[in-house]
Amino acid sequence: MKHSPFITALKKNSRALQHHPFSCISSSSLIQLASAHNVTCFQAQLSALQNKILPERYLRNFNALTLNDQIRLAGSRILLVGLGGLGGYILEILARSGVGTFVLADGDCFEESNLNRQILGTVDTLGKSKVKAAKVRLKKINPFCRCQIHPYFLSRKDLPGLMKNIDLVVDALGGVEFRPVLLEESSRAGIPLITGFLAGTTGLVSTVYPGGKSPGVFWRGENKDGAENILGNMAQTVSLIASVQAAETIKLLTGKDSGLAGRVFLVDFETLTFDLLEL
Amino acid sequence: MRIQVSCFATLSRYAPTDGFLEIKEGATPIDVIDQLSIPREEVKIVFVNGQNSGKEIELQEDDRVGIFPAIGGG
């Protein structure tokens with residue numbers, strides 16, 4: 001089979017690896033080749049992976065993630081709602097792991113009280129849009145990702161449009177009120193949702209398949225009723241819960257079974273409780 | 001009979017000091033909530049031995065009960 005000039009150039013610029021079922025290419029070479037052949041970075045990465053050339057940035061994902069897993073991640077599209085505490089860490093992990101396309105939504109701007117836990121919140125981003133900061137960060141850590149940003153607070157009517165062609169919804173919201181709406185609309189669109197929620201040193205994660213059991217009872221009431229209003233949100237809880245959400249996202253996007261469908265993962269740092277609860 | 005009780009997040013201040021509670025035969029999670037003086041409206045979900053069994057199931061010796069308020073921070 002005759003390859004396109006781009007694929008031929010990719011192969012020429014990649015190097016074989018001993019004991020690996022693929023060769024690899026540096027990110028800088030891949031970006032240069034993409035530019036020279038008028039291909040987007042996103043498409044260049046997909047083509048490389050499909051031709052068994054792994055961008056070197058993913059080498060240490062192997063073999064927890066196989067080449068096929070990387071292809072699936074690169075071709076995946078997720079809707080991440082909330083770019084505060086949970087969302088910042090989730091984006092960081094998923095972008096580094098190789099998820100290809102992000103639709104990001106948050107109407108909020110950074111304020112000083114976010115700095116105890118929100119990785120995208122820095123002295124430079126105070127007062128600035130959270131999703132815009134997310135886009136800047138994404139480009140710095142992985143230029144092969146695509147992203148679409150929505151710098152406003154979503155309402156129910158926005159969701160069906162945003163969920164078109166989405167593989168998975170990640171709920172990284174703050175407060176109890178909008179979570180049931182996001183869950184209902186994900187279910188209606190036939191898309192699995194991975195939710196994380198916390199207060200102080202207690203955090204929980206669950207995966208909800210359309211029509212499946214949900215942890216919605218935790219969210220009964222108004223935003224002012226959530227325990228987080230009294231206990232705050234600690235960085236260790238936020239980053240751990242975000243990590244569990246990201247791990248579950250990677251599992252589902254690579255076609256593995258969810259460990260958290262119909263269940264809730266619970267962590268409590270105060271009592272050092274780690275548990276799986278059945279909904 | 002004796003059961004083990006964990007109260008999470010804002011409810012942790014109602015937890016029995018050593019984590020154990022003496023209850024009457026036939027008691028349910030609702031009785032446990034009342035015995036610990038937790039305002040009923042603050043309890044959103046109760047797990048018994050890691051299962052969402054509702055608040056009216058009859059508890060057994062050595063059961064583990066987990067009690068949660070509304071939680072939505074991120």
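Residues numbered from 1 in each chain as written. Chains lettered and ligands numbered in written order. Predicted model: local features only at pLDDT ≥ 70, side-chain atom pairs only at ≥ 80, totals over all residues. Heavy atoms only, no water.

Q: Please explain the overall build of chain A as it appears in this structure.
A: Across its full length, chain A holds 10 helices and 11 strands. On C-alpha atoms alone, chain A measures out to a radius of gyration of 20 Å, which is about the 19 Å that the 2.2 N^0.38 rule sets for 279 residues. Once the C-alpha set of chain A is aligned to its principal axes, its extents read approximately 60 × 40 × 35 Å. Per-residue burial over chain A gives 53% buried out of 279 residues. Accessible surface, chain A: about 12300 Å² in total, of which carbon and sulfur atoms supply 52%. Side-chain charges of chain A comprise 30 positive and 23 negative groups, with the mean position of each set lying 13 Å from the other. (Helix = DSSP H or I, 4+ residues; strand = E, 2+ residues; numbered from the N terminus. Rg over C-alpha atoms; globule rule 2.2 N^0.38 Å. Buried < 20%, exposed > 50% of the residue type's maximum accessible area, 1.4 Å probe, protein only. Areas by Shrake-Rupley, 256 points an atom, 1.4 Å probe, with all protein chains shown as cover. Lys, Arg positive; Asp, Glu negative; His and termini not counted. Charge placed at Lys NZ, Arg CZ, Asp CG, Glu CD.)

Q: So what exactly am I meant to see when it comes to a nonpolar patch on the surface here?
A: Judged by side-chain polarity, Leu115(A), Val123(A) and Leu126(A) come together as a nonpolar surface patch covering roughly 240 Å² of accessible area. Residue Leu115(A) is classed as partly exposed on the basis of its relative accessible area, which comes to 32%. (Patch = residues over 30% accessible without salt bridge, like charges linked within 9 Å, V, L, I, M, F, W, Y side chains within 5 Å. Salt bridge = Lys/Arg side-chain N within 4 Å of Asp/Glu carboxyl O.)

Q: Sorry if this is basic, but what is going on with the pairing of strand β11 (residues 273-278) of chain A here?
A: For a regular strand, side-chain orientation follows a simple rule: the groups alternate between the two sheet faces. Residue and element names in this part refer to chain A. As paired elements, strand β10 (residues 263-268) and β11 share six bridges and run antiparallel to each other. Pairing of Val264 across the sheet is with Leu277, part of β11. Connecting β10 to the antiparallel partner β11 that follows it, the hairpin turn spans four residues, and Leu272 within it adopts a positive phi of roughly 50°. (Pairing = 2+ DSSP bridges.)

Q: Explain a negative patch on the surface here, please?
A: Taken together, the side chains of Glu22(B), Glu25(B), Glu58(B), Glu61(B) and Asp62(B) define an acidic patch exposed on the protein surface. Look at Glu25(B) and you get exposed, because its relative accessible area is 68%.

Q: Hey, could you run me through the side chain of Glu185(A) in this one?
A: With respect to the element layout, Glu185(A) can be found in helix α8 (residues 179-188). Excluding anything up to four places from it in sequence, Glu185(A) contacts Arg156(A), Leu159(A), Pro160(A) and Met163(A). (Contact = heavy atoms within 4.5 Å.)

Q: Looking at this model, I keep getting lost on the domain arrangement of chain A. Mind explaining?
A: Frequently, the measure chosen for interface size is the accessible area that the parts lose on association. Residues and elements named next belong to chain A. By domain assignment, chain A separates into domain 1 (5-65) and domain 2 (75-278). Between the C-alpha centres of domain 1 and domain 2 the distance comes to 30 Å. The interface is formed by 11 residues belonging to domain 1 together with 13 residues belonging to domain 2. Of the roughly 1000 Å² buried where domain 1 meets domain 2, counting both sides, 63% is carbon and sulfur surface. Along the contact surface separating domain 1 from domain 2 lie zero salt bridges. Where domain 1 meets domain 2, there are three residue pairs in polar contact (both at pLDDT 80 or more). Of all the elements in the fold, those that place two or more residues in the side of domain 1 that touches domain 2 are α2 (27-36) and α3 (41-50). Considering each element in turn, the side of domain 1 that touches domain 2 owes the most residues, four residues, to α3. In the side of domain 1 that touches domain 2, the residues fall into seven nonpolar, three polar and one charged. (Domains from an automatic or database assignment. Buried area = accessible area lost by both parts, 1.4 Å probe. Polar contact = N/O pair within 3.5 Å; in protein donor to acceptor, adjacent residues only side chain to side chain. Nonpolar A, V, L, I, M, F, W, Y, C, P; charged D, E, K, R; others polar.)

Q: Would you explain the packing of helix α5 (residues 85-97) of chain A against helix α6 (residues 130-141) of chain A in this entry?
A: Helix packing geometry: the angle between the two helix axes and the distance between the axes. Residues and elements named next belong to chain A. The interhelical angle for the contact between α5 and α6, taken along N-to-C directions, is 30°, at an axis separation of 10 Å. Viewed along their axes, α5 and α6 adopt a mutual orientation that is roughly parallel. As for the relative orientation of α5 and α6, their crossing is right-handed in sense. Contacts from Leu91, Glu92, Ala95 and Arg96 of α5 reach α6 at Ala134, Arg137, Leu138 and Ile141. (Axes fitted to C-alpha atoms, helices over the stretch in contact; angles between N-to-C directions. Parallel < 35°, antiparallel > 145°, perpendicular 65-115°, else oblique. Left-handed = near helix turned anticlockwise from the far one by under 90°.)

Q: Even after reading the chapter, I still don't get the side chain of Gln45(A), so can you show me in this structure?
A: In this fold, Gln45(A) is placed in helix α3. For Gln45(A), the contacting residues outside a window of four places in its chain are Leu30(A), Pro55(A), Tyr58(A), Ala74(A), Gly98(A) and Phe144(A).

Q: For this particular structure, what's the right way to read the pattern of salt bridges?
A: Oppositely charged side chains can form a pair if their charged atoms are brought close together. All names here are of chain A. On inspection of all chains with the given rule, the structure shows 14 salt bridges over all chains. Among the ionic pairs, Arg156 bridges to Glu185, the shortest N-O distance being 2.8 Å. Of this pair, Arg156 sits in the loop between β6 (146-150) and α7 (159-162) while Glu185 sits in helix α8, placing them 29 residues apart in sequence. Using a relative accessible area of 35% as the deciding quantity, one classes Arg156 as partly exposed.

Q: Got a minute to help me understand the packing of aromatic side chains in this structure?
A: Any pair of aromatic rings gets described here by the distance separating the centres and the angle formed by the planes. All names here are of chain A. Taken as a whole and judged by the stated rule, the model has seven aromatic pairs over all chains. With a centroid separation of 4.9 Å and 85° between ring planes, the pair formed by Phe22 and Phe62 is classed as edge-to-face. Here Phe22, found in the loop between β1 (15-16) and β2 (23-25), pairs with Phe62, found in the loop between β3 (53-55) and α4 (67-74); they are 40 residues apart in sequence, far enough to count as distant. Look at Phe22 and you get buried, because its relative accessible area is 5%. Residue Phe62 is classed as partly exposed on the basis of its relative accessible area of 25%. (Phe/Tyr/Trp six-rings, centres within 6.5 Å; stacked < 30°, edge-to-face > 60°.)

Q: Which parts of the structure should I look at to understand the pairing of strand β5 (residues 101-105) of chain A?
A: All names here are of chain A. Counting buried positions along β5 yields five of five residues, so the element is predominantly enclosed. The two faces of β5 match: Thr101, Val103 and Ala105 on one face and Phe102 and Leu104 on the other face are all buried. Pairing of strand β4 (residues 77-81) with β5, which is carried by five bridges, proceeds in the parallel orientation. When the sheet's bridge partners are listed, Val81 is paired in β5 with Ala105. Between the parallel pair β4 and β5, the chain is carried across by α5, and the sense of this crossover is right-handed. Inspection of the sheet shows β5 paired to β6 by five bridges, in the parallel sense. Paired with Thr101 across the strands is Arg146, a residue of β6. With α6 bridging β5 and its parallel neighbour β6, the resulting β-α-β unit is right-handed. (Right-handed = clockwise from strand over helix to strand, strands pointing away.)

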